[in-house]
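Residue-level structural notes
Residue strings, one per chain:
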Amino acid sequence: MTIRKILTEPDPFLRQKSEPVEKVDDSIRKIMDDMLETMYDAPGIGLAAIQIGVPKRIIVLDISKNPEKKEPMYFINPEKIYTSKDQATYEEGCLSVPGQFAEIDRPDKCHIKYLDYNGDSKELKANGLLATCIQHEMDHLEGILFIDYLSSEKIEINAEELEKDKDYILNMLKSEVASAHWGKDEAMGIRLNYDNQVIDALNYFDEATGFINKSQ
Ligand code: GNR
Ligand code: NI
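Thresholds applied
- Residues numbered from 1 in each chain as written.
- Chains lettered and ligands numbered in written order.
- Predicted model: local features only at pLDDT ≥ 70, side-chain atom pairs only at ≥ 80, totals over all residues.
- Heavy atoms only, no water.
- Helix = DSSP H or I, 4+ residues; strand = E, 2+ residues; numbered from the N terminus.
- Contact = heavy atoms within 4.5 Å.
- Areas by Shrake-Rupley, 256 points an atom, 1.4 Å probe, with all protein chains shown as cover.
- Core = buried A, V, L, I, M, F, W, Y, C linked by side-chain atoms within 4.5 Å.
- Buried < 20%, exposed > 50% of the residue type's maximum accessible area, 1.4 Å probe, protein only.
- Expected span 1.5 Å × (residues − 1).
- Polar contact = N/O pair within 3.5 Å; in protein donor to acceptor, adjacent residues only side chain to side chain.
- Donors = N, O, S within 2.8 Å, 3.2 Å for Na, K, Ca; no water.

1. As for the overall build of the protein
- Scanning the protein from terminus to terminus reveals four helices and nine strands.
- In the protein, the succession of α and β elements from N to C terminus is α-β-β-β-β-β-β-β-α-α-α-β-β.
- Across the protein, contacts joining residues at least 24 apart in sequence account for 60% of those joining residues at least 6 apart.
- In the form shown here, the protein has an accessible surface area of approximately 12,400 Å², with 51% of it arising from carbon and sulfur atoms.

Structure, rendered in structure tokens:
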């Protein structure tokens, strides 16, 4: 088994739609073994093949909390056969979007149909974290990332907040405290246009400073 490199935003590969697996053979099982090892190493609780640069409809998951007792799950060519109307909210993260987390609403329950590690057809009824993870991973197969669900309203608010914070940040940058932080963790990345308006900010606040990370 090999630990593979996980692609991260804005790699255009992540936006590609993955192709169905035609035959579950040893080459496919090798990809799944590598995916699982890569996921445990990261560590994460799920991984889609596209995240290691393989555009095939393959997902691995292990939502067990206990590293001593691994419970890997493999899904090939998964299809949703039911999603509940009722929604659940989870704080999501993604190995391909490092450092960003957001509460995302998704159907609380889903039933899926898929091929397992041996290529046998299976069905699964999932709820809670498992349902959330399966749906997060199935989105990867379509080139969708959880950050795509953050509403434009929210992004606009963030832009407004950035604008409000701009003077504060610029003042901070003049102070010794800020320059110390700048040097220490390069935390204050802020891009301004020629009119001195904020374009965006990347991790410009950092936990060590006690400020909120508003990267977008
Ligand atoms: O490790 C992961 N944790 C996680 C938490 C909440 C919802 C979804 C996930 S999946 C993520 C790993 C990953 O990026 N899979 O694609
Ligand atoms: Ni992900």
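More follows now that the structure is in view.
2. Side note on the nonpolar core
- Formed by 17 residues in total, the largest nonpolar core has its most connected members in I28, M32, M35, L47, I58 and V60.
- Looking at this core, the elements with two or more residues in it are α1 (26-41), β2 (58-61) and β3 (73-83).
- It is α1 that provides the largest number of residues to this core, a total of six residues.
- Counting residues in hydrophobic clusters, the runner-up holds 16 residues, among them I50, C110, I112 and Y114.

3. Some points on α1
- Across its 16 residues, α1 extends 22 Å between first and last C-alpha, which sits within 8% of the 22 Å expected from 1.5 Å per residue.
- Within α1 the residues assigned to the buried category are I28, R29, I31, M32, D34, M35, L36, T38 and M39.

4. Brief notes about the side chain of N77
- With respect to the helices, strands and loops of the structure, N77 is situated in strand β3.
- Since its relative accessible area comes to 16%, N77 is described here as buried.
- In this structure the side chain of N77 is engaged in a polar contact, spanning 2.8 Å, whose partner is the backbone nitrogen of V21.

5. Some remarks on the coordination of the nickel ion (ligand 2)
- Surrounding the nickel ion (ligand 2) are the protein donor atoms C94 (SG), H136 (NE2) and H140 (NE2), at 2.1 to 2.3 Å.
- When the donor residues of the nickel ion (ligand 2) are listed from N- to C-terminus, their spacing reads C-x41-H-x3-H. With a gap of 46 residues between them, C94 in strand β4 (residues 87-94) and H140 in helix α2 (residues 128-141) connect regions that are remote in the sequence.
- A residue is classified by how much of its surface remains accessible, and C94, at 9% relative accessible area, is buried.
- Exposure remark for H140: the relative accessible area of 1% places this residue in the buried category.

Just geometry here; none of it tells us what the structure is for.
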